[in-house]
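Examining the three-dimensional arrangement
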Amino acid sequence: MNKLIRSVTGICLSVSAILMGPSAANAQGTICPTPTVTVSNINAPFCPEGDVRLTGPVGGRFVSTYVRGVPSNFTPLDNIAVDASGNIYIPDIQARTLQKITPDGVLTTIVGNGFGSYPQGTIGFSPHEIGFDSAGKMYALEGINIVTITPEGLVTRIAVGNHHGFGAEPFSPSDTNRMYMPSGIDVDRAGNVYYADYANGKISKITPAGVVTLIAGSSIGYEDGPVSTAKFGNMRDVVLGDAGNLYVIDGVRVRKITPEGMVSTLAGSGVTGDVTGAGTAASFSNPLFITYSNGSLYLVDQGNLKVKKITLDGVVSDYAGITFPPMGNYDDGPVTVATFKYPYGIAHDNEGNLFVSELRHGAIRKVTEYAPIDYYIWSNGESLQSTGPIIESGTYTLQTVSGTCTSAPSLPVVVTVNPAVVRPSITSSGPLRFCAGDSVILTSPSATGNLWNTGETGQSITVTDAGRYYVSVITGTCTSTSAYQSVVVDSLPHNAIGISGSPFTVYPGASYTYGTQELSGITSYIWRFTGIATLIPDNNRVTVSFDSGATSGTLSARGVNDCGEGRAINVRLTLVAPVGTLHGAQHQISISPNPGRETFTLQAESDMQNLEVLDNTGRTVHRQSISGKTATFNLVVPAGIYTARIATGRGVSVCRLLIK
């Protein structure tokens, strides 16, 4: 663990801080670290509180430089690896060495003397990739051979390649069944080594006993399907994933090989590009190396200067790096602004951190995903990202809350305030919470030397806006700052945007629902109707029922909060009554059964012409032409109240229809 201890003393204030602590993880595995506290303005004049402020971190995904300058130059075909202890291994084919960087930053050379000779048990080799089994045994792709490497640097060949055929075998004088051009390896927990032989378009497995088995591939090309007929064209790397599945970078595609013997394209269109999305809709540009961590795949998309994430369903997204970064830039920070100059190798540790090597840049970058911080808990009771200016002596700590994950307290920041100037106390002319349009006067106890955080210098200020207000009183070379006063301004309700929903032409016996937009700053809504109807309000919605005796009228909505009522929004609801009722027609129309379901019979005193049935929103759910004084119709709709409109030679009658 790296620690930074800062101690500052002065006339009136001293600060000491241990700024970093260990990390934890939430249930989803996202890092929920003990927060790092930043102390600012520690070089300010040390009067009672100086202007010391403490600031907590932000959540999200960040790119940082893990190590830079050693080795000074990475070269092609170098992929890094991380063991269970967090050590990073850097194979370098130009230096012909394998180096290790510990979590404490100690660099050592494991094997390599810079020469190309390769006697058994010693090394002057061309390392490409590293893998580990569950016991921590190290395997390496070295040139066209596969070797094991002990912690002491002893190298043993377990498979020898040449340029004359396919396959691999334990190190022996035989020249048969050997690898041609291996390009990527991975090792499972049992010590089985999987390698991609790109020159043959095949993938094989070597058991700890030295037995070689062809896993997939028939020849050079591109074809999904059974492993015996599938084809691979330009394999760069291979990685083991979940449930025994193998994933292979093949050109600008990522292919999947299942334990059941099927090959499919997980992601990639086969055309160079920079497109995120699902499956073959996505595209890459020169993807190089791939790793599997916490149920997802991550690959270096070098041509796009990015790290891409691929879910096991094949959904591709940008994980780190930006499109078209400024030429040559090398920027740490949030992934929305961080840039890679020439990303190459990739690996992950047990905590889910990604490490990316920068080709010819002498650096390893670290991509860490911190849980987004929902809120902050300071030991002095404040809940913002920053607290201060610090005005009281004490030990300050910070906890952060991310979803269900609450961090451990940060390591302490100790602040000592030595009193020298009387701390001013602000008085107010009235309540600090008021409605918009009102104001409050804040007054300093000192007639001179005042500096408000608004920039004003008088003894009093008039406040009309919400915020935190404090005053500093300058006496000689020291400044004393008051506690802040929080002013809250409640706004008047917003005017409603409008009333919408059901039609504004309504019928007797029906119910209609209307609503207005739900806005912040409104605690409730008042609905009114100038005619006769039954209103059932529900916050920003209302149901209006036009039962017997109902009339037309104006419906209005008005927002309300503690500062009053907003302006009303009105609409006119016009009740259209049945002709027989409004004009005393000498005919009657009946629907039976009513209530009923599905099949209904109409009877009238005069010939009917057509039927229309509407729901309570005014939407037509059934329409048919009819002839005669008796008719039957079928209606399959949800239970509720509907309106039937029947046209006859005498006019239009409207009836209420109840569906059970």
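A short tour of the structure in this document, coming up. Not measured: the values here are computed from a predicted model.

**Topic: the sheet that holds strand β16 (residues 182-187)**
Whether parallel or antiparallel, the strands of a sheet pair through hydrogen bonds between backbone atoms. Taken in spatial order, the four strands line up as β16-β17-β18-β19 in an open sheet, and their pairing is antiparallel. Each edge of the sheet is formed by a strand with only one pairing partner; in this case those strands are β16 and β19 (212-216). Across the sheet, the mean angle from the axis of one strand to that of its neighbour is 25 degrees, orientation sign disregarded. Taken together, the four bridges between strand β18 (residues 202-206) and β19 define a ladder with antiparallel strand orientation. Bridge pairing in β19 links Ser204 to Leu214.

**Structural notes on the side chain of Thr368**
When you line up the elements, Thr368 lands in strand β33 (residues 363-370). Given a relative accessible area of 5%, Thr368 falls into the buried group. At a separation of 3.2 Å, a polar atom in the side chain of Thr368 contacts the side chain of Asn353.

**Considerations on the state of the cysteines**
Summed over all chains, the structure comprises one disulfide. Note on cysteine connectivity: Cys435 is disulfide-linked to Cys563, with sulfurs 2.0 Å apart. Across the S-S bond linking Cys435 and Cys563, the dihedral sits near -100 degrees, which makes this disulfide left-handed. Of the two residues, Cys435 sits in strand β41 (residues 433-435) while Cys563 sits in the loop between β55 (553-561) and β56 (564-565), which places them 128 residues apart along the sequence. Under the relative-accessibility criterion, Cys435 is labelled partly exposed at 22%. With a relative accessible area of 16%, Cys563 lands in the buried category.

**Concerning the pairing of strand β37 (residues 398-402)**
The buried fraction of β37 is high, at four of five residues. Relative to strand β38 (residues 405-406), β37 runs antiparallel, the two being bridged by two bridges. Paired with Val401 across the two strands is Thr406, which belongs to β38. Hairpin connection between β37 and β38: a loop of two residues separates the two successive antiparallel strands, and Gly403 in this loop has a positive phi of roughly 65 degrees.

**Details of the sheet that holds strand β45 (residues 467-469)**
What the three strands build is an open sheet, ordered β41-β48-β45; its pairing is mixed. Since the sheet does not close on itself, it has two edges, and those belong to β41 and β45, each with one partner. Mean inter-strand twist for the sheet, computed between neighbouring axes without regard to direction, equals 25 degrees. Pairing of β41 with strand β48 (residues 485-490) involves three bridges; the strand directions are parallel. In the sheet register, Phe434 faces β48, and the bridge partner there is Val489.

Criteria and thresholds
- Numbers given for residues are sequential positions, taken from 1 along each chain in its written order.
- Side-chain atom pairs in this predicted model are given and counted only at pLDDT of 80 or more, local residue features only at pLDDT of at least 70, and totals for whole chains, interfaces and linings cover all residues.
- Only hydrogens and water are removed before side-chain values are computed, so all heavy atoms of the structure are retained for them.
- Strand pairing requires that DSSP identify at least two bridges connecting the strands.
- Per the convention used, a helix needs a DSSP run of H or I reaching at least four residues, while a strand needs a run of E reaching at least two, with both numbered from the N terminus.
- A fitted line through C-alpha atoms represents every axis, and for helices the fit uses only the stretch in contact; the resulting angles, taken between N-to-C directions, go from 0 to 180 degrees.
- The rule is simple: take the accessible area with a 1.4 Å probe, protein chains only, and divide by the maximum for that residue type; under 20% is buried, over 50% is exposed, in between is partly exposed.
- For the purposes of these results, a polar contact is taken to be a pair of N or O atoms within 3.5 Å, where, inside protein, one atom must be able to donate a hydrogen and its partner to accept one; residues adjacent in sequence count only when each atom of the pair is a side-chain atom.
- The criterion for a disulfide is a pair of cysteine sulfur atoms lying within 2.5 Å.

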